[in-house]
Structure formats: structure tokens, C-alpha cells
Amino acid sequence: MLANLIMFVMMVITLFIYVVVAQAILSWLVAFNVINTHNQFVRTVLTTLDRLIDPFLRPIRRVMPDLGGIDLSPMVLILAAIFLRDVVLRSLVTGGL
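The rules behind these values
- Residues numbered from 1 in each chain as written.
- Predicted model: local features only at pLDDT ≥ 70, side-chain atom pairs only at ≥ 80, totals over all residues.
- Heavy atoms only, no water.
- Helix = DSSP H or I, 4+ residues; strand = E, 2+ residues; numbered from the N terminus.
- Rg over C-alpha atoms; globule rule 2.2 N^0.38 Å.
- Buried < 20%, exposed > 50% of the residue type's maximum accessible area, 1.4 Å probe, protein only.
- Areas by Shrake-Rupley, 256 points an atom, 1.4 Å probe, with all protein chains shown as cover.
- Lys, Arg positive; Asp, Glu negative; His and termini not counted.
- Charge placed at Lys NZ, Arg CZ, Asp CG, Glu CD.
- Expected span 1.5 Å × (residues − 1).
- Bend = angle between axes of the 7 residues up to and from the residue.
- Polar contact = N/O pair within 3.5 Å; in protein donor to acceptor, adjacent residues only side chain to side chain.
- Phe/Tyr/Trp six-rings, centres within 6.5 Å; stacked < 30°, edge-to-face > 60°.
- Salt bridge = Lys/Arg side-chain N within 4 Å of Asp/Glu carboxyl O.
- Contact = heavy atoms within 4.5 Å.

Participant: Mind showing me how you'd approach the overall build of the protein here?
Facilitator: Within the protein, the secondary structure is distributed over 3 helices and 0 strands. Counted from the first residue to the last, the protein has its helices and strands arranged as α-α-α. Scaling as 2.2 N^0.38, a compact globule of 97 residues should have a C-alpha radius of gyration of about 13 Å, whereas the protein reaches 16 Å, well beyond that. Judged by the C-alpha coordinates and their principal axes, the protein covers about 50 × 30 × 20 Å. Expressed as a percentage of its 97 residues, the buried residues of the protein come to 23%. Of the roughly 7100 Å² of accessible surface on the protein, a fraction of 71% belongs to carbon and sulfur atoms. Computing the positive centroid from 7 side-chain charges and the negative centroid from 5, the protein places the two 6 Å apart.

This is the structure in C-alpha cells:
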């Protein structure tokens, strides 16, 4: 039973990683003016993704040094989520801890 719960959490973390990637790509497309935020659908999707992901990125941005226009906090968040999923939770499933 516990293994099934941990596997479910691992799938949720994988979905979270996809959402972070989608938010990062969408923000790049807006920054390079490929898509327009005057479109209601684009603005709604961007706002929703920002509200979902920003609470996780804010503490990382506070700690990371300012690199000018480069924001590496999504990459740090993805690496932390992968570490949590593949190292911590997988070792719980296999009984390594």
C-alpha cells in the first residue's frame, strides 16, 4: 500500500516537472514576442502557470545570485524534483532507507 502511494507521488512529481518546463517555455515565447499576451487564452494559461509554479521558484530566486537576464531557477527546481523523485522516493520504494 505504501509503495503504491509513493509511486503515485512520483507520478505527480513527474507531472509537476512537465508543468515547470511548459511554464519556462511559455515565458520564453512571451519574452521573445513569439506569442502575444493580448490573447485572452495565452494570458489565462500564463497566469495560471505562474500562480502554480511561482511559490516554488520564489525561494530559489531569493538564494540564487543575480545573473542578469538569465533565470536558472526553473532548472534548479527541476533538478531538485528529479532528485526527490529518483533518489529519495525510489529508495523508499526499494527499501533502501
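This is not the end of the story, as more comes after the structure.
Participant: Help me understand helix α2 (residues 40–63), please; the structure alone is not making it clear to me.
Facilitator: For an α-helix, the turn length of 3.6 residues means that residues three or four places apart are oriented alike. Its 24 residues give α2 an end-to-end C-alpha distance of 34 Å, which sits within 8% of 34 Å, the value for a rise of 1.5 Å per residue. Bending of α2 peaks at approximately 50 degrees at the position of Asp54, with proline Pro55 no more than four residues after it. Along α2, the residues that are buried comprise Val42, Leu46, Leu49, Ile53, Leu57 and Ile60. In this structure Asn39 caps α2, since a side-chain oxygen of it lies 3.0 Å from the backbone nitrogen of Phe41.

Participant: Please clarify how the packing of aromatic side chains should be interpreted in this entry.
Facilitator: The geometry of an aromatic ring pair is captured by two quantities: the separation of the ring centres and the angle between the planes. Summed over all chains, the structure comprises 1 aromatic pair. Between Phe16 and Phe56, the ring centres sit 4.9 Å apart and the planes meet at 70 degrees, which makes this aromatic pair edge-to-face. You can see Phe16 sitting in helix α1 (residues 2–31) and its partner Phe56 sitting in helix α2, a full 40 residues away along the chain. On the basis of relative accessible area, Phe56 is assigned to the partly exposed category, the value being 44%.

Participant: Explain the pattern of salt bridges to me, please; I cannot follow it from the model alone.
Facilitator: Close approach of charged atoms allows side chains with opposite charge to pair. Taken as a whole and assessed by the stated rule, the structure comprises 5 salt bridges. When the shortest N-O distance is used, the salt bridge between Arg58 and Asp54 registers 3.6 Å. In this pair, Arg58 and Asp54 both sit in helix α2, 4 residues apart, roughly one turn of the helix. Judged by relative accessible area, Arg58 falls into the partly exposed class, the value being 45%.

Participant: Is there a simple way to explain the side chain of Gln23 in this structure?
Facilitator: Note that Gln23 resides in helix α1. Among the polar contacts listed, one links the side chain of Gln23 to the side chain of Asp50, at a separation of 2.6 Å. Aside from chain neighbours lying at most four places away, what touches Gln23 is Leu49, Asp50, Ile53 and Leu57.

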